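Below are the chains, spelled out letter by letter.
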Amino acid sequence: MGFLDDVQASLNRGVAGANRGVESMKLKNQLNDAMKRRQALAAQLGASLYDITKDDPSFRMGREQLFDGIAQIDAERASIQAQLDEIERQNAASQQAATVVVCPFCHTRISASDMFCAGCGKSMADIMAASGAAAPAVPAAAPVEGPVCPKCGAPVSEGDAFCMSCGQKLGE
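Quick caveat: nothing in here was measured; it's all calculated off a predicted structure.

S.K.: Can you break down the pattern of salt bridges residue by residue, with the values?
M.R.: Inspection of every chain in the model, using the stated rule, returns five salt bridges. For the salt bridge of Glu23 with Lys26, the shortest nitrogen-to-oxygen distance reads 3.9 Å. In this pair, Glu23 and Lys26 both sit in helix 1 (residues 2-53), three residues apart, roughly one turn of the helix. A residue is classified by how much of its surface remains accessible, and Glu23, at 37% relative accessible area, is partly exposed. For Arg60, the salt bridge identified is with Asp68, shortest N-O distance 2.4 Å.

This is the structure in structure tokens:
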């Protein structure tokens, strides 16, 4: 029976070794997860401390390169975000312009971004109301300098006979 005992002992050692290996891998994964959580919290702490100390010369002393580097990256991020926002705004405007609406009054095909029908002059609000759809959202305009339409407030050029946004006759 010595041979079978040796085989059994070898199997037991193998199983025990495999169990230790599995347990070791499990603990290493837990350790790795704990390190990732710690790094995330340290990054949050660092960001909050940066915000509090960035304007204090006593904290910046000896760390100017770090503070300046973070400020430069923040400015770069803001610029990139502004570019992304502009691209998204352009995409939305392009999609709206590509949408075609048929005027229910004169059956002219017009862009959903138009302010009035080129065929009959009805406003987009009238067209959308007559077709049972909501009027398209008009982006908020920046403050206008110079002459504006008395009806809708859109900018107009000197000498224009009509407002290109709402069709109002000008100069009356």
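On we go.
S.K.: I'd like to hear about unusual backbone geometry, residue by residue, with values.
M.R.: Positive phi is not limited to glycine here, since His107 has a value of about 65°. Tracing the backbone shows His107 in the loop between strand 1 (100-102) and strand 2 (109-111). What makes His107 exposed here is its relative accessible area of 58%.

S.K.: Describe a nonpolar patch on the surface, and please don't skip the residues or the numbers.
M.R.: Taken together, Phe3, Leu4, Val7 and Leu11 make up a surface patch of nonpolar side chains, about 430 Å² in accessible area. Mapped onto the elements of the fold, Leu4 is located in helix 1. When its relative accessible area of 56% is taken as the criterion, Leu4 is described as exposed.

Rules of the game
- Residues numbered from 1 in each chain as written.
- Predicted model: local features only at pLDDT ≥ 70, side-chain atom pairs only at ≥ 80, totals over all residues.
- Heavy atoms only, no water.
- Salt bridge = Lys/Arg side-chain N within 4 Å of Asp/Glu carboxyl O.
- Helix = DSSP H or I, 4+ residues; strand = E, 2+ residues; numbered from the N terminus.
- Buried < 20%, exposed > 50% of the residue type's maximum accessible area, 1.4 Å probe, protein only.
- Patch = residues over 30% accessible without salt bridge, like charges linked within 9 Å, V, L, I, M, F, W, Y side chains within 5 Å.
- Areas by Shrake-Rupley, 256 points an atom, 1.4 Å probe, with all protein chains shown as cover.

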